[in-house]
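# Report on the structure
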Amino acid sequence: MTIRLRDGVEITLSDGTRVVCDADDPDGDVAVVTHAHGDHLPDGELTAVCSPLTAALGTARREDPLHRTTDDRVTLIPAGHVAGSRVALVTDPDGTRYCYTGDTSPRSRDYLDGFDPAAAGDVDVLVTESTYGAPGYEFPPHDAVVKEILTWLAETDAPVLLFGYALGRAQTLQRLAARAGRRVLTTQAVLRVNDPITDQLGVSFDVTEYDSATHDLGPDDALVLPLTSARADWIDTLRDQTGALAAGFSGWAVKDSFRFRGDYDAVFPLSDHADFAELCSLVEALDPARVYTQHGETTTLATHLTRRGYDATALRPGQSTLGEF
Ligand SMILES: [Zn+2]
């Protein structure tokens, strides 16, 4: 078998079949898309093994459709990351079982089931994300973060701008702001993501489209915006004109630099990823013969796992890793 990090992760099975996961340009025999975040979606039209919701989200978020297919060699189980996200389990004809996590969280929250390693069964080779794979990335319990956010929303007597990824955090923030009794507004980029989630999961969002041309913000309003717009010029103007406070929501909030990067008044460590301890627990529970780390703190996590007795390697772009089982 070969595992190769390209624009996604490519697993070559013993019969030569190439399974390509989360690539911009998957030119293998089987394409897998674990979830509909931009860095996991293909550039053009594609037919891939994915969940029905990921296909709908991938189609809604881009100009090119994402079509869903199935493949006997690939099983998908909930990844706990965002709506529709899946962990891919790939079975080689020689019996070797691969687990490719994409992005993952073990925490069940609101309408998401956390990733449960027991559902993966026996795993020989694990390819795990390592976004927060370093000591120091420790997220408080989800309920504690939610409580902190609801308290801040209740005690803030001003309009609020809530920044999070359009798929994932933005839905959580819309629901929390509504729970806190605020009128919730958001942009097309987020509404486009809401619709398939409502259609397929029956999750409702009590939200109005924000019209930046005419809309003023009142003290009870919460405007949910994609994280990428935090430093846009119109946000500065809006904050000046309305006295709105800006809050950023991300696992990166455990580091001081996150607050300054977005010029936020408040930050909350609301994450859709596993933290460091949770990544270590995931590996321990799956107990694979070999681990590959990819994305984020790849070297730190691989080094830590090696010290704990695992055969762990950080995947490097373009480098192939060969192995026998
Ligand atoms: Zn993601």
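Definitions and limits used
- Residues numbered from 1 in each chain as written.
- Predicted model: local features only at pLDDT ≥ 70, side-chain atom pairs only at ≥ 80, totals over all residues.
- Pairing = 2+ DSSP bridges.
- Helix = DSSP H or I, 4+ residues; strand = E, 2+ residues; numbered from the N terminus.
- Axes fitted to C-alpha atoms, helices over the stretch in contact; angles between N-to-C directions.
- Domains from an automatic or database assignment.
- Contact = placed C-beta atoms within 7 Å.
- Nonpolar A, V, L, I, M, F, W, Y, C, P; charged D, E, K, R; others polar.
- Parallel < 35°, antiparallel > 145°, perpendicular 65-115°, else oblique.
- Left-handed = near helix turned anticlockwise from the far one by under 90°.
- Core = buried A, V, L, I, M, F, W, Y, C linked by C-beta atoms within 7 Å.
- Buried ≥ 20, exposed ≤ 12 C-beta atoms within 10 Å, placed from the backbone.

## Here's the deal with the sheet that holds strand S17 (residues 290-296)
The sheet built from six strands is open, its strands ordered S7-S8-S9-S10-S17-S18 with mixed pairing. Each edge of the open sheet carries a strand with a single partner, namely strand S7 (74-78) and strand S18 (312-314). Taken over all neighbouring pairs, the strand axes of this sheet differ in orientation by 20° on average, direction set aside. In this structure, strand S8 (residues 86-91) lies alongside strand S9 (residues 97-100), joined through four bridges in antiparallel fashion.

## Regarding the domain arrangement of the protein
On domain assignment, one finds that the protein holds domain 1 (2-136 + 273-322) and domain 2 (142-268). For domain 1 versus domain 2, the separation of C-alpha centres amounts to 29 Å. Contacts between the two partners involve 17 residues from domain 1 and, on the opposite side, 15 residues from domain 2. Grouping the amino acids of the side of domain 1 that touches domain 2 by side-chain chemistry returns ten nonpolar, two polar and five charged.

## Structural notes on the packing of helix H1 (residues 52-61) against helix H4 (residues 188-201)
To characterise two packed helices, one gives the angle between the axes of the helices and the distance between these axes. Remark: H1 packs on H4, axes separated minimally by 9 Å, with the N-to-C direction vectors making an angle of 155°. As far as their axial angle goes, H4 and H1 are roughly antiparallel. In this structure, H1 crosses over H4, and the sense of that crossing is right-handed. Here Pro52, Leu53, Ala56, Leu57, Ala60 and Arg61 of H1 lie close against H4, whose contacting residues are Arg192, Val193, Asp195, Pro196 and Gln200. Residues that form the contact of H1 with H4 fall into these classes: seven nonpolar, one polar and three charged.

## A word on the nonpolar core
Soluble globular proteins tend to bury their nonpolar side chains together. The biggest cluster of nonpolar side chains holds 95 residues, and the ones touching the most others in it are Val19, Val32, Leu161, Leu162, Leu223, Val224 and Ala247. Broken down by element, this core gets its largest block of residues, five residues, from helix H7 (residues 276-286). Three or more residues apiece are contributed to this core by two domains, here domain 1 (2-136 + 273-322) and domain 2 (142-268). Once residues lying within four places of it in the same chain are set aside, the contact partners of Val32 are Val19, Cys21, Ala48, Val49, Cys50, Val74 and Ala88.

## Details of helix H3 (residues 169-179)
Residues spaced three or four apart along an α-helix point in a common direction, a consequence of the helix completing one turn every 3.6 residues. Within H3, nine of the eleven residues are buried, leaving the element largely enclosed by the surrounding structure. Along H3, the residues classified as buried are Arg169, Ala170, Gln171, Thr172, Leu173, Gln174, Arg175, Leu176 and Ala177. Tucked inside the fold, the buried residues of H3 contact helix H2 (142-155), strand S11 (160-164), strand S12 (183-186), H4, strand S14 (221-226) and strand S15 (245-249). Directly after H3, the chain includes Gly181, whose backbone phi takes a positive value near 85°.

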